[in-house]
Amino acid sequence: MSAEAQASVERPPVVKKGWTRARTIGVVLLTIWAALGLAVLGFMINAWDPDIFTRYAPRYLSGLWITVQLVVVSVFLGALLSVPIALGRSSKNKLIGALAYAYVYFFRGTPLLAQTFLVYYGLGSFRPELQAVGLWTFFREAWYCAVFAFTLNTAAYQAEILRGAIESVGKGQWEAAAAMGLSRFQTARKIILPQALIVALRPYGNEIILMIKGSAIVAIITVYDLMGETRRAYARTFDFQTYIWAAIIYLGLVEILRNAVDWIERRITKHLKR
Amino acid sequence: MERVWTLLSFGPEGWGDDIAKGVLLTVSLALATLPLGLAIGFFVALGKRSSDKTLRLAANIYTTIFRGLPELLTLFLVFYGAQIGLQQIVRLVNPGASVEINAFVAGMIALGAVFSSYASEVFLAAFRAIPEGQYEGGHAIGLSNAQTMRLIILPQLIRLALPGLSNLWLILLKDTALVSVIGLADILRQTGIAARVTKEAFLFFGIACLLYLVLAMLSSIVLRTIENWTKRHGVQR
Amino acid sequence: MRISRRIALALPAAALALAVGSAHAQDMMKLKIGTEGAYPPFNNLTADGSLEGFDIDIAKALCEEMKAECEFVTQDWDGIIPALQAGKFDAIVASMSITEERKKQVDFTNKYYNTPPALVVPKESDIAGTTPEDLAGKVIGAQGSTTHANFAETTFTDSDVKVYPTAEEYKLDMVNGRLDAVIDDIIVLQEFLDSDDGACCKVLGTLTPREDIYGPGIGIAVRQGEDELREKLNAAITAIRENGKYKEINDKYFTFDAYGD
């Protein structure tokens, strides 16, 4: 440390009380947020049009429903697919391990949008081949293409969550269970999984939130999800409040889910608190 | 096969040069967003750690919004909304003036906002991992708050936050693909145009995916080098 | 034309004034023109990245007529009106129909062309006519945020209307076989049919445009209240119609007068 710096500071700083600099900054920032909030609110009131609302509110609801369906179906199918991938990742067989690793690396390393395009337009150009094997009816629909792409994507992330959670449970637990005469399957079901799921709960919650947000891109491949309906409403009205409504709905959805995960976590970790 | 090489060549009939420009744009957008996101993320983390309730609230509102909105929507809100809002403010002062947020800056702001709200969580976790005694020790040897932060906390913080930030960088790299929707000529837009014009969608979107993979791999190599370097540094102390 | 002559007179003066200051240089109007660049043959990007098409040539002719220095900006279609309002450019020359909905947001010049919409179907299609009954249960593709999409959604209520970000994408999906029909301007579709990829398909028929959706034709959009610019553009449209420049451009692309009646 230089001599100069030493000379300028001799005492430890006093802990300030009352109106601190942090409070000033906090109040200023809160004022900015409040001003922004009021500006948006003012804009919404100004732009309020009962016609637009009655015309588009049902469409937003149907879009929201599509978004929810898409996320639920993809996350569920992805969860099923993630089990063999996670097992493959921890497999002792080098080839299986490498394949599972490549799968995870590919889907986590490329944008979901690019994957969706690859499935929708890319596979779409193999119509004769797909028709020959009877898969065209599946890939013809944008909705199925989206579910397909999202499932493959989320399976890669979920496999990593699952693997991490299982590895977080100590090896000693397996050994202890084996010593007690439990089979590997019994150990997994009764001892490892319950503990792993506590660890995995939060990452799973985050993954669902990421899927909700990521699903907004299906609007680009002609699926009318919440974002798709928003863009359609905007295209017809040229009214920016359409986007603000979408923002409010997405924020609400994500916040509800986040609080639900918090609540569940508090419930299931009660026994861990001292 | 020969057709494929022609399509990917750098000549007038090939799309190689267009796609190369796209790669350049993707990389420069991600690199331009990084310092912005890191700086904001750091200050938001400081705000969240503050003993002051108002500051904590302001910081939490920020992360709630940008972690809750779809990135695509954030991008639209910045690209159109902020532009309209800013325009109105400027018009209040000077009716004739016009401001312009170009797509690159809009992308930078939107991606930076998303990046920083996640980065703030990483920083916050790293802050929590540094024991209180480090601050007290800093004060005990006569350092001011700012000096303690700069000389004692930050070096440890960077080491602790690096794995989380590396992960966010890889996410950022992928999120840049969304700017193709607001018209920036990035990898995905350029390959998309090539796919539409040549009707070789699988080839070009496949190439887009490969390019992102290559970028991710290169990033991993660089990040691992940095991580090892900071670790070695840590041991020496 | 009165305005342009005055500008023409001002030009040498401006050149002189450049040495001392640029007060007069402002008379040389600078105009940023927004267009889409994905709607051949009206406006599209070539392989080397430059713009071409009917809209582009018309815009250049208008700029020349107004003695304005023009610069083109490409912008995706669904964001083109907000971008105009946001000041990213001053006028939209991108085959935009003059509609009541859009008039609430922007002002339009008079029309500069007007061509009917049409339906294109695969060659082996079993669709017999262009009525809503004929198309019931079919999948129709259109570009999003367009009058065509709007028309399809309100007319073919029993069909599944899918919208795409650009015309190129519905063409791709038509070739891929996901669509039973596409709706767009007859000229745009004809261009598609004439290309290699258009071999799949044929014109089913043109449609009678509904005035309440399609409006009086294709105009140039400017920000609301920019009456001076709008009037200048109107005058320039009239001028190129009269001096033969319009016909010259028209004949380069079409075998009939795109202006309509």
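The preceding data block contains the structure.
Quick notes on the rules
Residues numbered from 1 in each chain as written. Chains lettered and ligands numbered in written order. Predicted model: local features only at pLDDT ≥ 70, side-chain atom pairs only at ≥ 80, totals over all residues. Heavy atoms only, no water. Contact = heavy atoms within 4.5 Å. Buried area = accessible area lost by both parts, 1.4 Å probe. Salt bridge = Lys/Arg side-chain N within 4 Å of Asp/Glu carboxyl O. Polar contact = N/O pair within 3.5 Å; in protein donor to acceptor, adjacent residues only side chain to side chain. Helix = DSSP H or I, 4+ residues; strand = E, 2+ residues; numbered from the N terminus. Nonpolar A, V, L, I, M, F, W, Y, C, P; charged D, E, K, R; others polar. Disulfide = S-S within 2.5 Å. Buried < 20%, exposed > 50% of the residue type's maximum accessible area, 1.4 Å probe, protein only. 1 Å grid on protein atoms, 1.4 Å probe; cavity = no way out; pocket = protein on both sides within 12 Å on 5 of 7 lines; lining within 4 Å. Points joined across faces, edges and corners; volume = space filled by probe spheres on them. Domains from an automatic or database assignment.

**Student:** Is there a simple way to think about the interface of chain B and chain C in this case?
**Tutor:** A common measure of how large an interface is: the accessible area buried when the components associate. With 18 residues of chain B at the contact, the number on the chain C side is 15 residues. Summing the contributions of chain B and of chain C, the shared interface buries around 1500 Å²; its carbon and sulfur component is 52%. When residues of chain B are sorted by the area they lose upon contact with chain C, B:Y80, B:R196 and B:K199 head the list and together hold 42% of the total. Residue C:E169 pairs with B:R196 through a salt bridge whose shortest N-O separation is 3.2 Å. If you look at where chain B meets chain C, you find 3 residue pairs in polar contact (both at pLDDT 80 or more). The set of elements that each furnish at least two residues to the side of chain B that touches chain C consists of α4 (71-93) and α8 (187-198) of chain B. Among the elements that line the side of chain B that touches chain C, the one with the most residues is α4(B), at 4 residues.

**Student:** So what exactly am I meant to see when it comes to the interface of chain A and chain B here?
**Tutor:** In this assembly, 48 residues from chain A lie in contact with 45 residues from chain B. When the buried area of chain A at its contact with chain B is split by residue, A:W33, A:Y105 and A:K213 rank highest and sum to 16% of it. Our count for the chain A to chain B interface comes out at 2 salt bridges. Where the side of chain A that touches chain B is concerned, the elements lending two or more residues are α2 (21-47), α4 (94-109), α5 (112-124), α10 (184-214), α11 (226-237) and α12 (241-268) of chain A. Of the residues belonging to the side of chain A that touches chain B, the class tally is 34 nonpolar, 7 polar and 7 charged.

**Student:** Explain the state of the cysteines here, please?
**Tutor:** What is meant by a disulfide is a covalent connection between two cysteines, made through their sulfur atoms. Residue and element names in this part refer to chain C. Considering all chains together, one arrives at 2 disulfides over all chains under this definition. The disulfide that involves C63 links it to C70, with 1.9 Å between the sulfurs. Its S-S torsion of about -90 degrees marks the bond between C63 and C70 as left-handed, since a negative value means left-handed. Overall, C63 belongs to the buried group, its relative accessible area being 5%. In this model C200 forms its disulfide with C201; the gap between the sulfur atoms is 2.2 Å. The chirality of the disulfide connecting C200 with C201 is left-handed, given an S-S dihedral of about -85 degrees.

**Student:** How should empty space enclosed by the protein be read in this particular structure?
**Tutor:** In this approach, a probe sized like a water molecule rolls over the atoms, and the result shows the empty space that is left. Following the criterion strictly, the structure yields 4 cavities of 30 Å³ or more and no others. In this structure, the largest cavity spans a volume of roughly 370 Å³. If you trace the largest cavity, you find 28 residues lining it, with A:R231, A:R232, A:A235, C:G144 and C:S145 closest to the centre. Secondary structure elements with two or more residues in the lining of the largest cavity: α11 of chain A together with α4 (100-103), α5 (147-155) and β10 (160-164) of chain C. For the lining of the largest cavity, the element with the highest residue contribution is α11(A), accounting for 6 residues. Classifying every residue of the lining of the largest cavity gives 13 nonpolar, 8 polar and 7 charged. The two domains that each donate at least three residues to the lining of the largest cavity are domain 1 (30-114 + 216-253) and domain 2 (117-213) of chain C. By volume, the second largest cavity is sized at about 50 Å³. Forming the boundary of the second largest cavity are A:A235, A:F238, C:W77, C:D78, C:I80, C:I81, C:M96, C:R102 and C:S145. For the lining of the second largest cavity, a count of residues per class yields 6 nonpolar, 1 polar and 2 charged.

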